[in-house]
Every structure is written in C-alpha cells, then in structure tokens.
Amino acid sequence: MYRFLMSRQWVILTLIALLLIPTMIRLGIWQMHRYEERTARNQLVTDALAAEPVPVEKLSAPGHTVTSVERYRTVTAKGRFDTENEVVVRRRTNSDDEVGYHVLTPFVLDDGKVLLVNRGWIPSDGPSQTTFPKVPAPPRGEVTVEGRLMPDETTAASGIKNLQGLPDRQIMLINSEQQARRLDARVLGGYIAQTSPEPKGDTPELMGNPGKEDAALNYAYAIQWWLFAAAVPVGWTVLARREARDRAQKAAEAADTSEAEPAAV
C-alpha cells in the first residue's frame, strides 16, 4: 500500500521534511538564546538605572573601557565646561526622528582630567551642514553634572562610518581615545549622556531613558519554530495516509469496473 513512498516525488518530499525538522529546531534554539540575551541585557539596564549615583572616577579613568555592567550607571562629576573645544556629532536623531546633532562638550574636572559630556540634541537648522550650528551655552563656572555612563562609540558597534575630512568641530563618533588625541588631555574612558542640570529653554534636548528590547518576541518566535518542527512529521503522515487512501480507492474502483464489464463473446 505504501510502495509509492519509494517514488522520486515522495523521496524528495521526505528528504525535505527531514531537513526542515532539525533546521527549525535550531532556529528555535537560536531565538531562545536571543531571548535570554535580551532578558539579561534588559535586567542590566534596569539595575543600572536603579543604582545610586556615584562619582564618575569610581567607574572610569583615562583609557578605561566601559563595561556592559557599567553602562547606563548614573554618575556625577564636578568641574567646568570647556566650550572652546566643544564639537557636534553629525546625523543624530531626537525622539521624533528629526535629524540634527548631539552636542559633545569637554568637562574639565578639578584634577585636570576631562570627561566627555553629551549635552543632548539640537536641530540642524544652519544654512548648511558645513557650518557649525548655533549651540546653546552650558552653565558657566564650576558646576556638578549628572548623567548616564556610556561606552565609546565604534563603527563595529554602531554601524556609523567614521568619515574623514569633516567640517571643523564636527565628528561622527563619540570616542574618548580620539578626543584625547584632539584635546591632548587625559580623557576618561567613555562619556556621559547628561541628565542634570536640565538646560534652560529645553535645548539641547536631553537624551531619554534607554529603551528595553522586546525579549518576549524572541520567546514567541522560538515556540513558533518548534511548533513548525512538530507540524512537519504530522503533515507528512497526513499526506502519506491521504495518498495511500486515494490509491486504494482508485484500485478498488478499477477492480469494480473490471468485474462489471461483460465477458467478450
């Protein structure tokens, strides 16, 4: 009854089914790994935002690489803004996806070290992209700032190309090593996204809290792939039984027709 399974068509169908099952299982496992990674990352963000503020030099130093555990930690620093060496970061968007600049201002600490402070977003409303935009001034004199510690930006991590030959005082990536060479100073690793004090007139627009990744979606995809894997043998069995039933029915009809035909005279 099931000799048809040895036909070319059914052999190919069976091989495809045998390939699909482990492939879908592996895809489900990969999605589950992504779920675990995103869940762990979301927990790190939650823990970092909930932690008490600490002086920035407890977590960073010149040449330091900000770790995933240190990322988003709230830190404080006391010193003064160095607006003469201020730069803007090109092609950055705000919460409404409007393209503009981030304002990066060196912050000189009491001991002479420099902390890079991302003071927020401003629109690119200048006459051209080659013109340095109008940047609202930060507070003068000695001030205490607070912000979320961030790692240095790289092309590999961000996908942003570090273009050369940009207009004066414009950069593509916030990188403490590059800024240390430009400023010829001891620059703390990473930078902070300023959260306090809030700017006058709401500009620059401060960075919002980091969003959490949708880990539940990966969990749903994993279950979906595993259900697909389970459905493949079920579907194969249903098709095989239907094919066997149809063949048996046709054979029975052919036999009945043969019996019903009158014998030749």
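Residues numbered from 1 in each chain as written. Predicted model: local features only at pLDDT ≥ 70, side-chain atom pairs only at ≥ 80, totals over all residues. Heavy atoms only, no water.

Chemist: For this particular structure, what's the right way to read the overall build of the chain?
Modeler: Secondary structure summary: the chain contains 4 helices and 8 strands in total. For the chain, the succession of helices and strands along the chain, N to C, is α-β-β-β-β-β-β-α-β-α-β-α. Computed over its C-alpha atoms, the radius of gyration of the chain comes to 32 Å, more than 25% above the 18 Å expected for a compact globule of 265 residues. Based on the C-alpha atoms only, the size of the chain along its principal axes is roughly 120 × 45 × 35 Å. In the chain, which comprises 265 residues, the share counted as buried stands at 34%. (Helix = DSSP H or I, 4+ residues; strand = E, 2+ residues; numbered from the N terminus. Rg over C-alpha atoms; globule rule 2.2 N^0.38 Å. Buried < 20%, exposed > 50% of the residue type's maximum accessible area, 1.4 Å probe, protein only.)

Chemist: I tried to follow the layout of surface pockets on my own but got confused; where do I start?
Modeler: For the largest pocket, the calculated volume is near 340 Å³. Every element with two or more residues in the lining of the largest pocket is listed here: β6 (143-150), α2 (155-158) and β8 (191-196). Tallied by class, residues from the lining of the largest pocket come to 9 nonpolar, 4 polar and 5 charged. There is about 260 Å³ of room inside the second largest pocket. In terms of residue class, the lining of the second largest pocket is built from 4 nonpolar, 5 polar and 2 charged. (1 Å grid on protein atoms, 1.4 Å probe; cavity = no way out; pocket = protein on both sides within 12 Å on 5 of 7 lines; lining within 4 Å. Points joined across faces, edges and corners; volume = space filled by probe spheres on them. Nonpolar A, V, L, I, M, F, W, Y, C, P; charged D, E, K, R; others polar.)

Chemist: Any chance you could explain the side chain of serine 60 here in plain terms?
Modeler: With respect to the helices and strands, the residue serine 60 is situated in the loop between β1 (54-55) and β2 (74-81). Here serine 60 falls in the buried class, since its relative accessible area comes to 3%. Look past the residues within four positions of serine 60 in its chain and what remains in contact with it is Leu188 and Gly189. (Contact = heavy atoms within 4.5 Å.)

Chemist: Please explain the pattern of salt bridges as it appears in this structure.
Modeler: Where charged atoms of side chains with opposite charge meet at close range, the side chains can pair. According to the stated counting rule, one finds 8 salt bridges in the structure shown. A salt bridge links glutamate 153 to arginine 92, with the nearest nitrogen and oxygen atoms 2.8 Å apart. One end of the pair, glutamate 153, is in the loop between β6 and α2; the other, arginine 92, is in strand β3 (residues 87-93), and 61 residues separate them in sequence. Both residues of the pair, glutamate 153 and arginine 92, belong to the buried class. Salt bridges linked by common partners bring Arg38, Arg41 and Glu213 together as one network. (Salt bridge = Lys/Arg side-chain N within 4 Å of Asp/Glu carboxyl O.)

Function cannot be read off these values alone, since they describe shape.
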